[in-house]
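Examination of the molecular architecture
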Amino acid sequence: MDTIVALATAPVPAGLAVVRLSGPRAHAIACTLAGLPALAHARMRLVALRDGAELIDRGYVVAFHAPRSFTGEDVAELQVHGSLAVTDRLIAVCVDLGARTARPGEFSQRAYEHGKLDLLQAEALADLIGARAESARQAALQALDGVLSQALAAVRLPLLHALADIEARIDFAAEPHLAEVDRPALTQRLVALAAQLQLLLTTTTAGRIRLHGARVVLYGAPNAGKSTLFNALCGADRALVDARPGTTRDTVELQTAPDGVLVTWIDTAGLRDAVDPVEQAGRARAEAEAQHADVVLWLEDRAQPFSGLPPPPAATVLRVLNKTDLPAHPDWQQRPEWQAALALSAQHDQGVAALRAAVVAAVRQSAAGTLGHVVLSRQRHAAAVQVAVAALERANHAVQHGFPLELLAADLRDAALALDELTGAIVPDDVLDAVFSQFCIGK
Ligand SMILES: Nc1nc2c(ncn2[C@@H]2O[C@H](COP(=O)(O)OP(=O)(O)O)[C@@H](O)[C@H]2O)c(=O)[nH]1
Ligand SMILES: [Mg+2]
């Protein structure tokens, strides 16, 4: 096994930086740099780090002895001044002394290979490092602690028992004392396992919202004040909003974290001229955004009559009446569905905080999930669970129709395999590569 080295902190000037080594030569290289004969486990030492006679920097060195380290291998960390000149030179010397530079995610991959983390936990670690809000930090940390792995084990173990049961009957088919398969009981077991997985699948939306944020779309007729409200809600000045001007999409997005909840605000733009075909395309896009939104803010101008827009196609719609600083149009008195609408003035920042709080509450509800801390957070997870559910359904079909036990066993094996791919117990190399290549170098 090679010894790898990389900068574990961000490659920018900073107060401190950490260079990390992992592998059989990690301690020897650190000792050479520090001029020490040996390094005790987990004890920091202030040392002069030298390339031969030349001082590179002064800093701390700490060693972790296998298997009591992040990767499960011998690890050494050099904590130095956060200068790229220092860390580049240190890494170059480590390479001279026999290390090679690490690939993206290679430290985490080694931790996985040495059983320090399962694949779900390795992904959770990447999510934790990338977490931009409390909701994401909490979700990632729960998964890192193994709550998702445990929820899957609770399905996998009974599944393996059922499989072992069937395989025993196949292997000892000639034995007269072995009872027939109790098909109704087996059906019951399989249905229960499939239901557990289906429940897990329902957490996918909550997982996405916790880790990547809820999509909140501003919907409404031109001039309702969507862009003004967008800016007020984001608490961003124009410059920041303009940071992502009409790219290929007709919408402007900005992410903030009010109250620790990640929200991507989406202003649907381009609804300027009702007869213009471009405007029609813009409206179609706005409607598509609304359809995929977690929350839609339907904005109307209270000083004007109702726009006549159709209700947006979304699960959660919050009705908002804007321009309360102007006299209300009498039309609104005849619209009972708008009586409970939040009234505000985007331009004068009146009522905006209340709307933001209402959005946070709605997002919290969508992120609540059905299994507490357990959420599926990636497409990979949902896809694998779906494969397992489909295999269990095939197995059930086989049981009910009296198919040969061999077919039943194959279906159960497929289901178990899908779960094993998820945790990484058994996993094809391309899946591994896909997971770890999402990491940055040094993680
Ligand atoms: N009086 C008043 N005018 C507003 C308010 N919010 C927006 N406007 C004005 O309404 C017009 C349209 O606003 P804009 O945000 O561009 O609407 P959009 O087309 O829905 O994005 C602009 O002239 C805004 O200044 C408000 O609360 N009160
Ligand atoms: Mg606008």
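Everything quoted here is computed from the prediction, not taken from an experiment.

Turning our eyes to something else, we now look at the overall build of the protein chain. Of the regular secondary structure elements, the protein chain holds 15 helices and 12 strands. Relative to a compact globule of 443 residues, whose C-alpha radius of gyration would be 22 Å, the protein chain shows 29 Å and is clearly more extended. The C-alpha extent of the protein chain, read off along each of the three principal axes, is 85 × 80 × 35 Å. When each of the 443 residues of the protein chain is scored for burial, the buried share is 40%. A fraction of 63% describes how many contacts in the protein chain between residues 6 or more apart in sequence connect residues 24 or more apart.

If you look at the biggest cluster of nonpolar residues, it comprises 116 residues, and the most contacted ones within it are Ala30, Val216, Ala388 and Ala415. Residue contributions to this core peak at nine residues, all from helix 13 (residues 379-400). Other than its neighbours up to four places away in sequence, Ala388 contacts Leu197, Ala415, Ala418 and Leu419.

Contacts to ligand 1 come from 16 residues, most closely from Gly225, Lys226, Ser227, Thr228 and Gln347. Top element by residues in the shell around ligand 1 is helix 9 (residues 226-234). It accounts for three residues. In terms of residue class, the shell around ligand 1 is built from four nonpolar, nine polar and three charged.

Bringing the domain arrangement of the protein chain into the picture now. Splitting the protein chain by domain gives domain 1 (4-102), domain 2 (125-203 + 378-427) and domain 3 (220-256 + 265-366). Each of domain 1 and domain 2 has a C-alpha centre, and the two are 43 Å apart.

Spatial ordering of the open sheet is given by 8-9-7-10-11-12, a layout of six strands whose pairing is mixed. A strand with exactly one partner marks an edge of an open sheet, and here the two such strands are strand 8 (251-256) and strand 12 (342-343). Each of strand 7 (214-220), strand 8, strand 9 (263-268), strand 10 (295-301) and strand 11 (316-322) is contacted by helix 9, which is oriented at about 160 degrees to strand 9, the strand it contacts most. Across the face of the sheet, helix 12 (residues 352-366) comes into contact with strand 7, strand 9, strand 10, strand 11 and strand 12 while running at roughly 175 degrees to strand 11.

On to the sheet that holds strand 6 (residues 100-101), then. Ordered by their spatial adjacency, six strands build an open sheet running 3-4-5-2-1-6, and the pairing between neighbours is mixed. One side of each edge strand has no neighbouring strand; the edge strands of this open sheet are strand 3 (45-51) and strand 6. With two bridges connecting them, strand 1 (residues 4-7) and strand 6 associate as parallel partners. Pairing of Ile4 across the sheet is with Arg100, part of strand 6. Its contacts with the sheet put helix 1 (residues 26-34) on strand 2 (14-22), strand 3, strand 4 (54-64) and strand 5 (75-82), and the angle it makes with strand 5 is roughly 40 degrees.

Checked against the element boundaries, Tyr112 lands in helix 3 (residues 106-113). The buried category is assigned to Tyr112, around which 24 C-beta atoms lie within 10 Å. Sequence-wise, Tyr112 and Ala384 are 272 residues apart; in three dimensions their C-alpha atoms are separated by 19 Å. When near neighbours in sequence (up to four residues on either side) are disregarded, Tyr112 contacts Leu117, Leu119, Ala122 and Gly424.

Along strand 10, six of the seven residues are buried, which leaves the element largely enclosed by surrounding structure. Summarising the sheet, strand 7 and strand 10 pair through five bridges and their orientation is parallel. Looking at strand 10, one finds that Val217 is bridged to Val296. Of the pairings in the sheet, the one linking strand 10 to strand 11 comprises seven bridges and is parallel in character. If you follow Val296 over to strand 11, its bridge partner there is Val317.

The next subject is helix 12. Each full turn of the α-helix corresponds to 3.6 residues, which orients residues three or four apart in the same direction. The end-to-end C-alpha distance of helix 12, which contains 15 residues, comes to 21 Å, matching closely the 21 Å that a straight helix rising 1.5 Å per residue would cover. Those residues of helix 12 that sit buried are Val352, Leu355, Arg356, Val359, Ala362 and Val363. Seen along its axis, helix 12 keeps its buried residues to an arc of 125 degrees; they face one direction. Among the exposed residues of helix 12, those oriented more than 90 degrees off its buried face are Ala354 and Ala361.

This part takes up helix 5 (residues 134-144). Those residues of helix 5 lying buried are Ser135, Ala136, Ala139, Ala140, Ala143 and Leu144. Each buried residue of helix 5 lies within a common arc of 160 degrees when the element is viewed along its axis, so the set occupies one face. Residues of helix 5 that are buried make contact with helix 4 (119-130), helix 6 (147-171) and helix 8 (204-212). In the segment just after helix 5, Gly146 is the residue with positive phi, at about 100 degrees.

One can describe the packing of helix 6 onto helix 14 (residues 405-423) by two numbers: an axis separation of 9 Å at closest approach and a directional angle of 155 degrees. Classed by the angle they form, the pair helix 6 and helix 14 counts as roughly antiparallel. Once helix 6 is placed against helix 14, the crossing between them reads as left-handed. Across from Ser149, Leu152, Val155, Arg156, Leu159, Leu160, Ala162, Leu163, Ile166, Glu167, Arg169 and Ile170 in helix 6, the residues of helix 14 making contact are Leu405, Glu406, Leu408, Ala409, Leu412, Arg413, Ala415, Ala416, Leu419, Leu422 and Thr423.

That bond from Ala66 to Pro67 is cis: its omega, 0 degrees, falls within 30 degrees of zero. With a phi close to 75 degrees, Asn223 is a non-glycine residue in the positive phi region. Relative to the helices and strands, Asn223 resides in the loop between strand 7 and helix 9. Asn223 gets classed as partly exposed once you count the C-beta atoms within 10 Å, which come to 15. Located in the positive-phi region is Lys323, a residue other than glycine, with phi close to 70 degrees. Structurally, Lys323 is set in the loop between strand 11 and strand 12.

Criteria and cut-off values
- Residues numbered from 1 in each chain as written.
- Chains lettered and ligands numbered in written order.
- Predicted model: local features only at pLDDT ≥ 70, side-chain atom pairs only at ≥ 80, totals over all residues.
- Helix = DSSP H or I, 4+ residues; strand = E, 2+ residues; numbered from the N terminus.
- Rg over C-alpha atoms; globule rule 2.2 N^0.38 Å.
- Buried ≥ 20, exposed ≤ 12 C-beta atoms within 10 Å, placed from the backbone.
- Contact = placed C-beta atoms within 7 Å.
- Core = buried A, V, L, I, M, F, W, Y, C linked by C-beta atoms within 7 Å.
- Near = placed C-beta within 6 Å.
- Nonpolar A, V, L, I, M, F, W, Y, C, P; charged D, E, K, R; others polar.
- Domains from an automatic or database assignment.
- Pairing = 2+ DSSP bridges.
- Axes fitted to C-alpha atoms, helices over the stretch in contact; angles between N-to-C directions.
- Expected span 1.5 Å × (residues − 1).
- Arc of directions from axis to C-beta.
- Parallel < 35°, antiparallel > 145°, perpendicular 65-115°, else oblique.
- Left-handed = near helix turned anticlockwise from the far one by under 90°.

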